[in-house]
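# Chains, contacts and geometry: an overview
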Amino acid sequence: MLSFERISELLGKDSELLLQHSCKTIHKSSLHMPGPETVNDIYGYSSRNPQVLRSLGQLFGNGRLANTGYMSILPVDQGVEHSAGASFAKNPAYFDPENIVKLGLEGGCNAVASTFGVLAAVSRKYAHKIPFIVKINHNQLLTYPNRFDEVLYGTVEEAWNLGAVAVGATIYFGSDNSDRQLVEIAQAFEHAHELGMATILWCYLRNDAFKKDVDYHLAADLTGQANHLGVTIQADIIKQKLPEVNGGYRALNTGNSTYGKLDERIYTELTSDNPIDLCRYQVANCYMGRMGLINSGGASAGEGDLADAVRSAVINKRAGGAGLISGRKAFQRPMEEGVALLQAIQDVYLSNEVTIA
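Here's a quick rundown of the structure. The shown structure was predicted, so the numbers you read here are calculated from the model rather than taken from an experiment.

## Things to note about the overall build of the protein
A tally of helices and strands in the protein yields 17 helices and 10 strands. Here the C-alpha radius of gyration of the protein, 19 Å, is about what a compact globule of 357 residues would show, namely 21 Å. Each principal axis of the C-alpha atoms in the protein carries an extent, and together these give about 55 × 50 × 45 Å. Taking as baseline every contact in the protein between residues at least 6 positions apart, the subset at least 24 positions apart corresponds to 74%. About 15100 Å² of surface is accessible on the protein, with carbon and sulfur atoms providing 50% of the total. Across the protein, the mean location of the 31 positive side-chain charges is 1 Å away from that of the 38 negative side-chain charges.

## Regarding the sheet that holds strand 9 (residues 292–296)
Strand order in the closed barrel made by the eight strands is 1-2-3-6-7-8-9-10, with parallel pairing throughout. On average, each strand axis in the sheet is tilted by 25° relative to the strand beside it, whichever way the strands run. Where helix 6 (residues 97–106) meets the sheet, its contacts fall on strand 1 (71–76), strand 2 (111–114) and strand 3 (132–135), and the angle it forms with strand 1 comes to roughly 165°. Lying over the sheet, helix 14 (residues 275–284) contacts strand 8 (237–240) and strand 9, oriented at roughly 135° with respect to strand 9.

## Re the packing of helix 14 against helix 15 (residues 305–319)
Two elements in contact, helix 14 and helix 15, have axes whose closest approach is 8 Å; the angle formed by their N-to-C orientations is 55°. Relative to helix 15, the element helix 14 lies oblique. Every pair of crossing elements has a handedness; the one defined by helix 14 and helix 15 is right-handed. Seen from helix 14, the contacting residues are Pro 275, Ile 276, Cys 279, Arg 280 and Val 283; seen from helix 15, they are Arg 311, Ile 315, Asn 316, Arg 318 and Ala 319. When its residues are assigned to classes, the contact of helix 14 with helix 15 shows six nonpolar, one polar and three charged.

## Focus: the packing of helix 1 (residues 4–11) against helix 15
The geometry of helix 1 relative to helix 15 is characterised by a closest axis approach of 9 Å and an angle of 110° between their N-to-C directions. Accordingly, the angle class assigned to the pair helix 1 and helix 15 is roughly perpendicular. Facing Arg 6, Ile 7, Leu 10 and Leu 11 of helix 1, the residues of helix 15 in contact are Leu 306, Ala 307, Val 310, Arg 311 and Val 314. Within the contact of helix 1 with helix 15, the residues separate by chemical class into seven nonpolar, no polar and two charged.

## Focus: the pattern of salt bridges
Scanning the model with the defined rule gives 16 salt bridges in all. In this structure, Glu 98 engages Lys 125 in a salt bridge whose closest nitrogen and oxygen atoms are separated by 2.7 Å. Linking Glu 98 in helix 6 with Lys 125 in helix 8 (residues 123–126), this pair joins segments that are 27 residues apart in sequence. Exposure remark for Glu 98: the relative accessible area of 19% places this residue in the buried category. Between Arg 265 and Asp 263 there is a salt bridge, with its nearest N and O atoms 2.7 Å apart. The exposure class assigned to Asp 263 is partly exposed, which follows from its relative accessible area of 33%.

## Things to note about the environment of Leu 306
Tracing the backbone through its elements, the reader meets Leu 306 in helix 15. For Leu 306 and Leu 262, which are 44 residues apart along the polypeptide, the C-alpha to C-alpha distance reads 37 Å. Excluding residues that lie within four positions of it along the chain, Leu 306 makes contacts with Arg 6, Leu 10, Leu 341 and Ala 344.

## So, the pairing of strand 6 (residues 166–173)
Within strand 6, eight of the eight residues are buried, which leaves the element mostly enclosed by the surrounding structure. Residues Ala 166, Gly 168, Thr 170 and Tyr 172 point to one face of strand 6 and Val 167, Ala 169, Ile 171 and Phe 173 to the other, with burial holding for every one of them. Summarising the sheet, strand 3 and strand 6 pair through three bridges and their orientation is parallel. Looking at the pairing, Lys 135 lines up with Gly 168 of strand 6. Sheet analysis places strand 6 next to strand 7 (residues 198–205), joined by eight bridges and oriented parallel.

## Describing helix 15
With 15 residues, helix 15 extends 21 Å between its outermost C-alpha atoms, agreeing within 8% with the 21 Å of an ideal straight helix rising 1.5 Å per residue. Counting buried positions along helix 15 gives 11 out of 15 residues, so the element sits mostly inside the fold. Every buried residue belonging to helix 15 is among Asp 305, Ala 309, Val 310, Ser 312, Ala 313, Val 314, Ile 315, Asn 316, Lys 317, Arg 318 and Ala 319, and all of these are buried. Just downstream of helix 15, Gly 320 is the residue with a positive phi angle, here 105°.

Conventions adopted
Residues numbered from 1 in each chain as written. Predicted model: local features only at pLDDT ≥ 70, side-chain atom pairs only at ≥ 80, totals over all residues. Heavy atoms only, no water. Helix = DSSP H or I, 4+ residues; strand = E, 2+ residues; numbered from the N terminus. Rg over C-alpha atoms; globule rule 2.2 N^0.38 Å. Contact = heavy atoms within 4.5 Å. Areas by Shrake-Rupley, 256 points an atom, 1.4 Å probe, with all protein chains shown as cover. Lys, Arg positive; Asp, Glu negative; His and termini not counted. Charge placed at Lys NZ, Arg CZ, Asp CG, Glu CD. Pairing = 2+ DSSP bridges. Axes fitted to C-alpha atoms, helices over the stretch in contact; angles between N-to-C directions. Parallel < 35°, antiparallel > 145°, perpendicular 65-115°, else oblique. Left-handed = near helix turned anticlockwise from the far one by under 90°. Nonpolar A, V, L, I, M, F, W, Y, C, P; charged D, E, K, R; others polar. Salt bridge = Lys/Arg side-chain N within 4 Å of Asp/Glu carboxyl O. Buried < 20%, exposed > 50% of the residue type's maximum accessible area, 1.4 Å probe, protein only. Expected span 1.5 Å × (residues − 1).

Shown next, in the form of structure tokens:
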């Protein structure tokens, strides 16, 4: 297990910035923080039926982070989203669905998230050993020119029949097709809840207009609002990329254009430049943490992946988030190394010395 000293060492020059930061924006006392009684004390008071609570209990009660209120999820849907060759060329073993599930198991993850095809191929062997999350919609990159539109690849019933505990979906907020996706996934999530499955929403932004002097797809104010739309359609858990900038609404309200609504206190009181405060704004938009925020582990860059993964986990945990969902950093390397990286992420959430800021 990583020691606090090792975590600090991996953070390098950002160690003090992240580990010693005291949040002066939204105080932690306002948050519904992850803990052993998360399912009882937060989801248990909602309209979710007992079967959904049981499914949430399975998600929160599995793996090395079992019953802590935190989650470590292995997501491998990139074979569709990014193309199989681009995703698995570094480690062709993961063309085989069984190795994906084995990585989640050996890595001590709460659950494995993947496509209908991957999970159905091995469901009778593994659905009772590790919770399955079926990603029910995808973008595909064979249309020329490439376009970005998440479409359903199967039904909620199919996910239930193969033994899934939860379904996941993506909405590209800000895209031309976001209204259709919003209605489609809201209905799918309602049906999933009726069948007793939990729901996880990838709340991603997608619009070329968001790319200006910086990439506002990663802005705290815009991603925060995407999160708020996600919990509005009753997603149980929100997946979001870590914010790297702020001021998306400001940037898009220039010249003769008007975009959305903003209040300057978003920037002067509710956030700061510290990565933890930017992430806390995302947590706040998930009903002050009532619905857990899990951040993305991001792409694999090779040698620096371990340090980057630990950094992301520290930011999410100290912000009041509920965990990390990390795929490419783990599966684009030999399985033994992938297992070690996943467990390093989990060690951050198991460390009593990495506290909520």
